[in-house]
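Read off the chains here:
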Amino acid sequence: MGEPDTLTTASEEGSPSLQDKTKAARGVFWLGLTAVANKGSQILTLLVLARFLDPKQFGVISVAALTYNILQAFSNMGIPDAMIYLKDRSDEVARTALTMITGAALGASTVMWVTAGALGDFFHSPAAAFVIRGFAIALPFSAASLVPLSLLSRSFKYSTRTVTDTIPSLVGTVITIGLVIDGHFLYGLVIGEITQSALQLTMALILGERHLFGWDTAVAKEIIGFGGPVAMNSMATLILLNVDYVIIGHTTPSRLGYYSLAFRICFTPIASIAFVINGAAYPYLCRLGSKEDLGKATASLVSMVNAIVLPAYAGIALFAGDIVLLGHKWAPAVSTIRLLAIYGIAYTISGTIKLSITVAGRPKYGLYATLTHIVLLAIAIESNVRAGIAWVGLDQALVAIFGIFLNSYWASKFAGLKRGPMIFKLALPLPGVALMASVMFLGRSITLFNADTWRQLAVLAPLAGLGFLAVSSFVMPDLFRQAKALFKGEGAGIPPPPDAPIGSFESTEPELGPGPEAITPVT
């Protein structure tokens, strides 16, 4: 409780110092390490489940996860983000927040337990009811841990958060994989999730600040006042990311299983790269005092995120056919994976641009963009889902591309984004992608690699990645040099922004904090 709040202090003093920028850069490192560890364990679990389960059983996981994620977001109510944002009466905020978030989670858990059977019937997956009820037990533990975890983020103690987030995830993964391999996949999912949530709460209480339950009506109103709009935006994004699951899941469990595997693979770079970088960059963007500075910073941020995410998606698209290494039962998902790779690139660019709209004090336009995306996607998927999941992948890609145009229009109007320079920077990684494709096609033509094997994938994928890195180091040398210098605490030729507190842009709208794309990895 005695440590000063770094974010608040920087806001009160004006522009961020080089030390602040270095902390943000190193925050990317710790958040990235956490994301890599967590997503790595999730990918390992995903591969094991795909190897040992059939598509229908895999669909059961998607139904339970969908229910859990929606009710988890509902129970959070934007409270973790409000805790990070509010600077006064920190003890009262923490105690009140703990009461609010735990109470909401218990209510949501009860709803999950009661409606589990009906949800399983709706998705034609009766077995999902058992998993949903198991996840309901885990929900209160997960929610209560967000209070001490949010306080760690508020103090920029990202290295500690790496421990509290990573170890429980790894333990849960080991338990789940062990039970699935032993033939108990339903028990594996439930016990693994409960163990992970309970362990995370335990470690958060040991390594973070501990508070008892309490209540302050004035503080509760302040939390809801800030967290409510953020929660609405988060819920809108959650609906956006799950409307496809709802529509597909109401057809057949097998079709949902194919699509779920494809989507989970293609969403990993967004969650582990784009969310992390955007979340760490948000405090710095908030201190830029003019539209011109924000526009330039946004263009650089978009190009940096794209340069990291693009090779990941190029690799996913190029090696999509290797999904059959998990069993030829997954062959129908190959074309969907390739189309969702295009969606992933477009969604990443669109979401990063949308962050600048919020920073400029126009968060409602980001919400408008999300709602537009939901409506267009729901209409497109409902029209095409019976033609196959590949059509759903195409719908996702086209609507996400439209999102780029919509968000870039508003960003150019409110955040000073110049689309011409941004497009040029987005094109710079393409020669590296071309070399990746050449390495893959040439490698597959060699007799040693003329069959789909794990050995082929283990050799060609790293070679393709190294090829991209080699080309990019020549095409985009400034990007690598500035990132390295900033992490080391050097200026890297980046001028400090003019003196300006958070929310200094001219606007008639309230400052609401980061959008869900930005806050997800932090809170």
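No experiment lies behind these values; they were computed from the predicted model shown. (Residues numbered from 1 in each chain as written. Predicted model: local features only at pLDDT ≥ 70, side-chain atom pairs only at ≥ 80, totals over all residues. Heavy atoms only, no water.)

J.: What should I look at first to understand the layout of surface pockets in this one?
T.: Regions of empty space are outlined by a rolling probe, equal in size to a water molecule, passed over the atoms. In this structure, the second largest pocket spans a volume of roughly 950 Å³. Every residue lining the second largest pocket is counted, 31 residues in all, and those nearest its centre are I265, A312, G315, I316 and A461. Of all the elements in the fold, those that place two or more residues in the lining of the second largest pocket are helix 2 (18-52), helix 10 (253-285), helix 11 (291-318) and helix 17 (454-475). Residue contributions to the lining of the second largest pocket peak at 8 residues, all from helix 17. Taken together, the residues of the lining of the second largest pocket break down into 24 nonpolar, 5 polar and 2 charged. (1 Å grid on protein atoms, 1.4 Å probe; cavity = no way out; pocket = protein on both sides within 12 Å on 5 of 7 lines; lining within 4 Å. Points joined across faces, edges and corners; volume = space filled by probe spheres on them. Helix = DSSP H or I, 4+ residues; strand = E, 2+ residues; numbered from the N terminus. Nonpolar A, V, L, I, M, F, W, Y, C, P; charged D, E, K, R; others polar.)

J.: Help me out: how do you make sense of the packing of aromatic side chains in this one?
T.: Each aromatic ring pair is specified by the distance between its two centres and by the angle formed by the two planes. Per the counting criterion, the structure on display carries 16 aromatic pairs. Taken together, a centroid distance of 5.2 Å and an interplanar angle of 65 degrees make the contact between F130 and Y187 edge-to-face. Remark: Y187 occurs in helix 8 (residues 185-207) and F130 occurs in helix 6 (residues 128-154); sequence separation between them is 57 residues. Owing to a relative accessible area of 34%, F130 belongs among the partly exposed residues under this scheme. You can call Y187 partly exposed: its relative accessible area is 49%. When the ring of Y245 is compared with that of F263, the centres are 5.8 Å apart and the planes differ by 90 degrees; the resulting orientation is edge-to-face. Here Y245 is found in helix 9 (residues 217-249), whereas its partner F263 is found in helix 10, with 18 residues between them in sequence. (Phe/Tyr/Trp six-rings, centres within 6.5 Å; stacked < 30°, edge-to-face > 60°. Buried < 20%, exposed > 50% of the residue type's maximum accessible area, 1.4 Å probe, protein only.)

J.: Help me understand helix 13 (residues 363-384) in this model?
T.: Residues spaced three or four apart along an α-helix point in a common direction, a consequence of the helix completing one turn every 3.6 residues. With 22 residues, helix 13 should cover 32 Å at 1.5 Å per step; its first-to-last C-alpha distance of 32 Å lies within 8% of that length. Within helix 13, burial applies to P363, Y365, G366, L367, A369, T370, H373, I374, L377, A380 and I381. Buried residues in helix 13 make contact with helix 9, helix 12 (334-359) and helix 14 (389-414). (Expected span 1.5 Å × (residues − 1). Contact = heavy atoms within 4.5 Å.)

J.: Explain the side chain of T352 here, please?
T.: Residue position: T352 is located in helix 12. By relative accessible area, which is 1% here, T352 ends up buried. The residues touching T352, leaving out its near neighbours within four places in the chain, are N278, L301, V302 and V305.

J.: In this structure, what is going on with the packing of helix 3 (residues 55-76) against helix 9? I would like to understand it.
T.: Geometry of a packed helix pair, given as the angle between the helix axes and the separation of the axes. Between helix 3 and helix 9, the shortest axis-to-axis distance is 11 Å and the interhelical angle comes to 165 degrees. Considering the angle they form, helix 3 stands roughly antiparallel to helix 9. Where helix 3 crosses over helix 9, the two elements pack in a sense that is left-handed. The residues of helix 9 that touch helix 3, namely those facing S62, L66, N69, I70, A73 and F74, are M235, L238, N242, Y245 and V246. Grouping the amino acids of the contact of helix 3 with helix 9 by side-chain chemistry returns 8 nonpolar, 3 polar and no charged. (Axes fitted to C-alpha atoms, helices over the stretch in contact; angles between N-to-C directions. Parallel < 35°, antiparallel > 145°, perpendicular 65-115°, else oblique. Left-handed = near helix turned anticlockwise from the far one by under 90°.)

J.: So what exactly am I meant to see when it comes to unusual backbone geometry here?
T.: Leave glycine aside and you will find that most residues have negative phi; peptide bonds, for their part, are mostly trans. One non-glycine residue, H124, lies in the positive phi region at around 60 degrees. Among the secondary structure elements, H124 is positioned in the loop between helix 5 (90-122) and helix 6. What makes H124 partly exposed here is its relative accessible area of 37%.

J.: Which parts of the structure should I look at to understand a nonpolar patch on the surface?
T.: A surface patch of nonpolar side chains, amounting to about 380 Å² of accessible area, comprises V163, I167, V171, I206 and L207. Where the nonpolar patch is concerned, the elements lending two or more residues are helix 7 (158-181) and helix 8. A total of 3 residues in the nonpolar patch trace back to one element, the largest contributor, which is helix 7. Secondary-structure assignment places L207 in helix 8. For L207, a relative accessible area of 41% translates into the label partly exposed. (Patch = residues over 30% accessible without salt bridge, like charges linked within 9 Å, V, L, I, M, F, W, Y side chains within 5 Å. Areas by Shrake-Rupley, 256 points an atom, 1.4 Å probe, with all protein chains shown as cover. Salt bridge = Lys/Arg side-chain N within 4 Å of Asp/Glu carboxyl O.)

J.: Teacher, can you tell me more about the pattern of salt bridges here?
T.: Two side chains that carry opposite charge are able to pair once their charged atoms sit near each other. Within the structure shown, the criterion is met by 4 salt bridges. With its nearest N and O atoms 2.7 Å apart, the salt bridge here joins R444 to D322. With R444 in helix 16 (residues 430-445) and D322 in the loop between helix 11 and helix 12, this residue pair connects regions lying 122 residues apart in the sequence. With relative accessibility at 24%, the residue R444 sits in the partly exposed group. Residue D322 is classed as buried on the basis of its relative accessible area of 6%.

J.: Even after reading the chapter, I still don't get the confidence of the model for the chain, so can you show me in this structure?
T.: Close inspection of predicted coordinates is inappropriate for parts of the model with low pLDDT. Looking at the chain as a whole, the pLDDT averages 79, with 83% of positions reaching at least 70. Element-level pLDDT for the chain is lowest in helix 19 (residues 516-519), with a mean of 32, against a maximum mean of 94 in helix 14. Predicted confidence for residues 1-17 stays below pLDDT 50, and this span has 32 contacts to residues more than four positions away or in other chains. Low pLDDT, under 50, characterises residues 486-523; the stretch is placed with 113 contacts to residues that sit more than four places away or in other chains. (pLDDT = per-residue confidence, 0-100.)

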